[in-house]
Amino acid sequence: MEYVNAAVTQTLGYTPEDFYADPELVLAVLDVPALSVAAEADPGVSGRPTIRRWRRRDGTYADVEDRTIAIRDRNGNVEAIEGVARDVSAELATQHELRASRDRLHAVLAHVPVILWATDREGRLTVLEGAGLHGLAVRPEDMLGRTPAEIHPDTRRYRRHLTLALRGRIQSVDVQLGEQTFMTRLGPLVDVDGTIAGVTGVSVDVTQERRLVEALASEGRQRATVAAALDRFDPSLDLDSLSEQIATEMLLLDGVDHAGIIAFGPGILTYFISFVGAGLPMEAGRALPPARSVYLREQAEKGPWVERWTPRAVDGRYGLSLEEAGLRAAAYVPLRRGTAPWGLLAAGSRQTNGPELLERRMSTLVEFGALTVALIGPALSTRNLDDVVRQELVQIMEREAFSPVFQPIVALSDRSPIAFEALTRFHDGSPPDRRFVEAESVGMSLRLEAATLTMALKSLRDIPVGMALTLNVSPGLLVEGRLLKRLLEPVGRAIILEITEHRRIEDYDVVRRALLDLPATVGLAIDDAGAGFASLRHVIELRPDYVKLDRGLVSGVDLHKGRHAVVAGMVQFAQSAGCRLIAEGVETEAEHEALFELGVEYGQGFLYAAPAPFGNARDGTPSDD
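Note that the coordinates shown come from a computational prediction; the quantities given were computed from them, not determined experimentally.

Caption draft 1: Quick peek at the overall build of the protein. For the protein, the count of helices and strands is 25 helices and 21 strands. Counting only residues that meet the buried cut, the protein has 44% of its 625 residues in that class. Partitioning the intrachain contacts of the protein with sequence separation of at least 6 by distance along the chain shows that 54% fall at a separation of at least 24. When the accessible surface of the protein is summed, it comes to about 32700 Å², and 53% of that surface belongs to carbon and sulfur atoms.

Caption draft 2: Region of interest: the confidence of the model for the protein. Per-residue pLDDT for the protein has a mean of 84; in total, 88% of the residues score no lower than 70. When the elements of the protein are averaged for pLDDT, helix α4 (residues 38-41) gives the smallest value, 46, and strand β21 (residues 602-604) the largest, 96. Low confidence marks residues 37-41, where pLDDT is under 50. Its contacts with residues over four positions away, or in another chain, come to nine contacts. When the criterion is pLDDT under 50, residues 617-625 qualifies, and its contacts beyond four places in sequence or with other chains add up to 20 contacts.

Caption draft 3: Quick peek at helix α12 (residues 290-300). Residues Arg292, Ser293, Tyr295, Leu296, Gln299 and Ala300 constitute the buried set of α12. On an axial view of α12, the arc spanned by its buried residues comes to 165 degrees, and they lie on one face. For α12, the secondary structure elements touched by its buried residues are β9 (258-264), β10 (270-276), β11 (305-308), α13 (316-324), β12 (329-336) and β13 (341-349).

Caption draft 4: Molecular detail of empty space enclosed by the protein. Under the counting rule described, the total for this entry stands at one cavity of 30 Å³ or more. As a volume, the largest cavity reaches approximately 170 Å³. Residue assignment for the lining of the largest cavity shows that the elements contributing at least two residues are β9, β10, α12, α13, β12 and β13. Among the elements that line the lining of the largest cavity, the one with the most residues is β9, at four residues. Split into classes, the residues belonging to the lining of the largest cavity amount to 16 nonpolar, three polar and one charged.

Caption draft 5: Molecular detail of unusual backbone geometry. Unusually for a residue other than glycine, glutamate 400 sits at a positive phi of about 50 degrees. Note on placement: glutamate 400 falls in the loop between α15 (362-398) and β14 (402-411). By relative accessible area, which is 38% here, glutamate 400 ends up partly exposed. In this model, arginine 543 sits at a positive phi of 50 degrees, which is unusual for a non-glycine residue. In this fold, arginine 543 is placed in the loop between α21 (533-542) and β19 (546-549). Residue classification places arginine 543 among the exposed residues on the basis of a relative accessible area of 59%.

Caption draft 6: Looking closely at helix α20 (residues 508-516). All buried positions along α20 are accounted for by Tyr508, Val511 and Ala514. Along the long axis of α20, the arc covered by the buried residues comes to 120 degrees, so they all point the same way. Looking at α20, the residues exposed on the side facing more than 90 degrees away from the buried face are Arg513 and Leu516. The opening residue of α20, the one whose side-chain oxygen lies 3.0 Å from the backbone nitrogen of aspartate 509, is aspartate 507.

Caption draft 7: Quick look at the pattern of salt bridges. Enumeration over the complete set of coordinates arrives at 29 salt bridges. Of the charged contacts in the structure, one is a salt bridge between aspartate 66 and arginine 52, with a shortest N-O distance of 2.7 Å. Placement of aspartate 66 in strand β2 (residues 61-72) and of arginine 52 in strand β1 (residues 49-55) is noted, with a sequence separation of 14 residues between them. A salt bridge links glutamate 141 to arginine 139, with the nearest nitrogen and oxygen atoms 3.6 Å apart. For glutamate 141, a relative accessible area of 51% gives the class exposed.

Caption draft 8: How the structure looks around the sheet that holds β9. Strand order in the open sheet made by the five strands is β10-β9-β13-β12-β11, with antiparallel pairing throughout. Edge positions in the open sheet fall to β10 and β11, since each of these has one partner strand only. Sheet twist, expressed as the average angle between the axes of neighbouring strands with direction ignored, equals 25 degrees. The pairing of β9 with β10 spans six bridges and is antiparallel. Paired with glycine 260 across the two strands is phenylalanine 275, which belongs to β10. Each of β9, β10 and β13 touches helix α11 (residues 239-250); the most contacted strand, β10, lies at about 60 degrees to it. Along the sheet, α12 contacts β9, β10, β11, β12 and β13; its crossing angle with β11, the most-contacted strand, is approximately 140 degrees.

Caption draft 9: Just the nonpolar core, in detail. If you look at the biggest cluster of nonpolar residues, it comprises 54 residues, and the most contacted ones within it are Leu469, Leu471, Leu484, Ile495, Leu497, Leu595 and Val600. Setting aside its immediate chain neighbours within four residues, leucine 484 contacts Leu453, Val473, Leu477, Leu478, Leu497 and Leu518. The next biggest cluster of nonpolar side chains, apart from the first, holds 29 residues, and it includes Ala247, Val306, Leu345 and Leu358.

How each quantity is defined
- Residues numbered from 1 in each chain as written.
- Predicted model: local features only at pLDDT ≥ 70, side-chain atom pairs only at ≥ 80, totals over all residues.
- Heavy atoms only, no water.
- Helix = DSSP H or I, 4+ residues; strand = E, 2+ residues; numbered from the N terminus.
- Buried < 20%, exposed > 50% of the residue type's maximum accessible area, 1.4 Å probe, protein only.
- Contact = heavy atoms within 4.5 Å.
- Areas by Shrake-Rupley, 256 points an atom, 1.4 Å probe, with all protein chains shown as cover.
- pLDDT = per-residue confidence, 0-100.
- Arc of directions from axis to C-beta.
- 1 Å grid on protein atoms, 1.4 Å probe; cavity = no way out; pocket = protein on both sides within 12 Å on 5 of 7 lines; lining within 4 Å.
- Points joined across faces, edges and corners; volume = space filled by probe spheres on them.
- Nonpolar A, V, L, I, M, F, W, Y, C, P; charged D, E, K, R; others polar.
- Polar contact = N/O pair within 3.5 Å; in protein donor to acceptor, adjacent residues only side chain to side chain.
- Salt bridge = Lys/Arg side-chain N within 4 Å of Asp/Glu carboxyl O.
- Pairing = 2+ DSSP bridges.
- Axes fitted to C-alpha atoms, helices over the stretch in contact; angles between N-to-C directions.
- Core = buried A, V, L, I, M, F, W, Y, C linked by side-chain atoms within 4.5 Å.

Right, dumping it as structure tokens:
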């Protein structure tokens, strides 16, 4: 190596001097046994860019584009190689990701019976792909770049639609290609700066539908109705609204009097996401009887089917009520993402020849099913996960699969208990914080809070008279008011409600009014004071009876001067605010002594007792559980 510039260090980690000192280094970088000159055998190759993998100093590889030129003497012999190289690793990675993204798009398009296409402003094809091309025996690479005259036999009509699209008009037209007819929706293709750069379209093969139009006028009208319905769908709607829109459009099919989308939830739960059509005792959100649910799930594994409605004994009153309401036939199309069905598209008929009518509509219903999967499948998967969480929480509450444990709050002067904090432990071992977060995410936080508080209050009879029970409550439960008041009014004992720092209070006036409406025996504590600004504002706005020092301030207070100073300040703050301090997380004798000397009145932590079932907590000894 006679010369290499300093940029090599940024790319490979080696310095130019490394190459000058070691003649073999270039072979290690190029990962070849000996240098070869591609330009020597074929002068036409000389100077062409070539992608190679160069080994870096750290053992990794860089993708490098280099151009090498053989320098020859007067006799034509190669006497040197001159090269220019640049690191293209990032470019290749980006290209790889783009290819992967495009491959994913192609994988989606391979299962959707449509053709996606686009043209430039001159009408030349720039994009052509989709599973709908299979029937045309057309290769996209043979069509890209062709002019309107080469694409469409009716060039004048094709150009007219392109012109309207370039003016901003969205159109739906039938396009005839050979013996096939494509329903096409086309409109302007707008680039990032708002300029119309071409035309884009979606084409669906409707050859069979149009043939049926020619053969049977009524069936033709039916297919036209379906086509119009497809144009009216609004994918931006939420899951419930879009499901109802799909079901409503299905009612336009001849012979369909009732329509809905059925979802398979967790376990054997099966329910209607949407249901339209008067006369039947059904509605969105209603769960189907267990026997019917099992039957539908088993049938869905076999594919679409039509059945004459005949009540089965196992369906009980449900089956009889549908017959009495006039249902004569039902058609079902399994909805799948992957192999397992996650629901059904359902259509019902009250007409005497309902089974025959629905059989004739089955191909259309299957199309509606495919559309339903594309439009609501992802959203329903998320909802199903929420349903699983809801079902778990409902089972936990119904089985009372949780129990309270208690941790004493003691006077630092003599370590005698003055109150007990109730904490919830779930029997399956799941962390309480996780369960309460899950409950909040599916709108069940108040129910779970009320259930755990009810369980804790049942243990109040074991707490000696004169000692309070401390309960953790969210601002939401306080603001709701009625539920908490109903739980606490019959108690007649001292209760301290702890509001945690981690829950945001939107309106302090509302919280204050809610607290005034509770029994006089109910006091207030602010939890986690010192962990953030919000807790101090809680103290100022709500004027609690107790303030609990965050364990982050308590831990090591005997050693850490900063924490020592903050706790001293909190003592002064509490005296000014007219409240009492409780130190959380006291674990050592040294912490206890330091807190007592600083003037903190009460403490809580493993030094005094771990959270335990009430007998152990009261005795000040940890539980064996």
